[in-house]
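One letter stands for each residue in the lines below.
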Amino acid sequence: MKRAIVVYYSYSGNTKKTAGFLKDKITRKFQTDVLELKPADESRFFLKQCVRAFRKVQADLKQDLILDLKDYDLIALGTPVWAFGMAPAMRSYIDKCKGLSEKKVILFATYGSGVGKDKCVQEMAEIVKAKGADEVRSFLIPHYDVKNGDVFEQKSNGLV
Ligand SMILES: Cc1cc2nc3c(=O)[nH]c(=O)nc-3n(C[C@H](O)[C@H](O)[C@H](O)COP(=O)(O)O)c2cc1C
C-alpha cells in the first residue's frame, strides 16, 4: 500500500479538525501517518503570534520530527493563516523537511477573515516546488466551516 503523511500545526484546533478529515479521506487509499507540530516557543499572545508570523520567524520544534519524507508517496502540509502567511511552526517544518523530490503534495490552510489566505498557500507552494515537489495542490477552509464535513469534501474534492 502507498504511504502518506499529514503534517500540521494548529493553535486553536481548526486546522487539527481539517487534518483529521483529510487523514480519514487519505486513509481510504494510503497507509497514513500524522504529525502534529508542537513548537516549544509559541506565544499565547495574539499580537506576538502575529509579529512572529509576519516576520517569518521559524518556531523551535524540539520534538522528534519526521523530516525525511522520501518514503511517502503523498505529503499533506497544513497551517492556520497567521498574519497573511503560515504559522511559524509550519515555516520551520517546511524549511527543514526533505525528500520532496517528485512527490505529490497537498497544502491546506484554515483562515478567519481570508486576508492573506492565497498568499499563504502560494508561498508554501513555492517552497515545496523549490524542493522538487512534482504535483502541488491546495485547499482552504474558513474557520466557521471547519466542522462541516460537506465543506471539507467539496474543497478537497479530487485531491486524493
Ligand atoms: C495570530 C493569528 C493571526 C491570524 N492571522 C490571520 C490572517 O492574516 N488572515 C486570516 O484570514 N485569518 C487569520 N487568523 C485566523 C486563523 O487563521 C483561523 O482562526 C484559523 O482557523 C486558526 O486555526 P487553528 O485553530 O488551527 O489554530 C489569525 C489567527 C491568529 C491566532
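For the structure itself, consult the block above.
Owing to the predicted nature of the structure, the values given are computational and were not obtained by experimental measurement.

Engineer: Please give an account of the overall build of the chain that cites residues and values.
Structural biologist: The helix and strand tally for the chain stands at five helices and six strands. Each helix (α) and strand (β) of the chain, taken in turn from the N terminus, gives the series β-α-β-α-β-β-α-β-α-β-α. At 14 Å, the chain has a C-alpha radius of gyration in line with the 15 Å of a compact globule built from 160 residues. Seen through its C-alpha atoms, the chain measures out along the principal axes to roughly 45 × 35 × 25 Å. Counting only residues that meet the buried cut, the chain has 48% of its 160 residues in that class. Within the chain, contacts between residues separated by at least 24 positions form 79% of all contacts whose residues are at least 6 apart in sequence. Counting every atom, the chain has about 8100 Å² of accessible surface; 48% of that belongs to carbon and sulfur. In the chain, which carries 28 positive and 20 negative side-chain charges, the distance between the mean positions of the two groups comes to 3 Å.

Engineer: Kindly report on a nonpolar patch on the surface, identifying the contributing residues and their values.
Structural biologist: Together, Phe46, Leu47 and Val51 make up an exposed nonpolar region whose accessible area comes to about 340 Å². Considering the arrangement of structural elements, one finds leucine 47 in helix α2 (residues 46–54).

Engineer: Tell me about the packing of aromatic side chains, and name the residues and values.
Structural biologist: According to the stated counting rule, one finds six aromatic pairs in the structure shown. With centroids separated by 6.0 Å and ring planes inclined at 70°, the aromatic side chains of tyrosine 11 and tryptophan 82 adopt a geometry described as edge-to-face. In this pair, tyrosine 11 sits in the loop between β1 (3–8) and α1 (14–27) while tryptophan 82 sits in strand β3 (residues 74–82), placing the two residues 71 residues apart along the sequence. Tyrosine 11 gets classed as partly exposed once you look at its relative accessible area, which sits at 41%. For tryptophan 82, a relative accessible area of 11% puts it in the buried group. Ring-pair connections join several aromatic residues into one group, and the members of that group are Phe21, Phe108, Phe139 and Phe152. The aromatic ring of tyrosine 111 is capped on one face by lysine 117, whose charged end is 5.5 Å from the ring centroid.

Engineer: Which residues make up the site of the ligand, and what values do they have?
Structural biologist: As a structural note, the neighbourhood of the ligand is formed by 21 residues, with Ser10, Ser12, Thr15, Val81 and Gly114 the closest of them. Within the side chain of histidine 143, an N or O atom sits 2.8 Å from an oxygen atom of the ligand. Coverage of the ligand by the protein amounts to 89% of the 650 Å² it exposes when considered alone. Within the residue set of the shell around the ligand, elements represented by two or more residues are α1, α2, β3 and β5 (104–111). Class assignment of the residues belonging to the shell around the ligand gives a composition of ten nonpolar, eleven polar and no charged.

Engineer: Give a description of the nonpolar core that names residues and reports values.
Structural biologist: Leu37, Leu77, Met90 and Tyr93 are the most contacted members of the largest nonpolar core, which has 33 residues in total. Counting only elements with at least two residues in this core, the list comes to β1, β3, α3 (88–96), β5 and α4 (117–130). A total of five residues in this core trace back to one element, the largest contributor, which is α4. If we ignore the near neighbours within four places in the chain, the residues touching methionine 90 are Val7, Tyr8, Tyr9, Leu37, Leu77, Gly78, Thr79 and Met124. Of all hydrophobic cores here, the second largest spans 18 residues; its members include Ala19, Phe108, Phe139 and Ile141.

Engineer: Tell me what's going on with the packing of α3 against α4, and back it up with residues and numbers.
Structural biologist: Two measures define how a pair of helices packs: the angle their axes make with one another and the distance between the axes. The N-to-C vectors of α3 and α4 enclose an angle of 20°; their axes lie 10 Å apart at closest approach. As summarised for this structure, α3 and α4 are arranged roughly parallel, according to the angle between their axes. Of the two elements, α3 crosses α4, and the hand of that crossing is left-handed. Between α3 and α4, the contacting residues are Met90, Arg91 and Ile94 on the first element and Glu123, Met124, Ile127 and Val128 on the second. Its residues assigned to classes, the contact of α3 with α4 comprises five nonpolar, no polar and two charged.

The rules behind these values
What you see as residue numbers is a count from 1 along each chain, following the sequence as written. Residues qualify for local features only when their pLDDT is at least 70, as the model is predicted, and side-chain atom pairs are given and counted only at 80 or more; totals for whole chains, interfaces and linings, by contrast, use all residues. In computing side-chain properties, one takes all heavy atoms of the structure into account and sets aside hydrogens as well as water. Under the DSSP-based scheme used, a helix requires at least four consecutive residues in state H or I and a strand at least two consecutive residues in state E, with every element numbered from the N terminus. The quantity called the radius of gyration is restricted to C-alpha atoms. Its globule counterpart is 2.2 Å times the number of residues to the power 0.38. Only protein chains enter the calculation, and the probe is 1.4 Å; a residue is then buried if its accessible area is under 20% of its type maximum, exposed if over 50%, and partly exposed in between. In what follows, a contact means two residues having at least one pair of non-hydrogen atoms within 4.5 Å. Accessible surface area values rest on a Shrake-Rupley calculation with a 1.4 Å probe, where residue burial reflects the displayed protein chains alone. Charge convention: Lys and Arg are scored as positive, Asp and Glu as negative, and His as well as the terminal groups of each chain are ignored. In plain terms, the charge of a residue is placed at NZ if it is Lys, CZ if Arg, CG if Asp and CD if Glu. Exposure above 30% relative accessible area and the absence of a salt bridge qualify a residue for a patch, where like charges join within 9 Å and nonpolar side chains (Val, Leu, Ile, Met, Phe, Trp, Tyr) within 5 Å. Salt bridge criterion: a side-chain nitrogen from Lys or Arg within 4 Å of a carboxyl oxygen from Asp or Glu. Note on ring pairs: Phe, Tyr and Trp rings are taken, using the six-membered ring of Trp, and paired if centres are within 6.5 Å. Classes follow the plane angle, with under 30 degrees stacked, over 60 edge-to-face and the rest tilted. Cation placement over rings: the criterion is NZ of Lys or CZ of Arg within 6 Å of the ring centroid and within 35° of the ring normal. Only heavy atoms are used to decide nearness, and a residue is near a molecule or strand if one of them lies within 4 Å of it. Polar contacts, as used here, are pairs of N or O atoms within 3.5 Å; protein pairs need one atom able to donate a hydrogen and one able to accept it. Residues neighboring in sequence count only if both atoms are side-chain atoms. The residue classification treats Ala, Val, Leu, Ile, Met, Phe, Trp, Tyr, Cys and Pro as nonpolar and Asp, Glu, Lys and Arg as charged. All others, Gly included, are polar. Here, nonpolar core means buried Ala, Val, Leu, Ile, Met, Phe, Trp, Tyr and Cys residues that are tied together by side-chain atoms lying within 4.5 Å of each other. The axes are straight lines fitted to the C-alpha atoms, using for helices just the contacting stretch, and the angles between their N-to-C directions are given from 0 to 180°. If an angle is under 35 degrees, it is roughly parallel; if it is over 145, roughly antiparallel; if it lies from 65 to 115, roughly perpendicular; otherwise it is oblique. Here is the rule for handedness: rotate from the far helix to the near one, and if that takes an anticlockwise turn smaller than a right angle the crossing is left-handed, while a clockwise turn gives right-handed.

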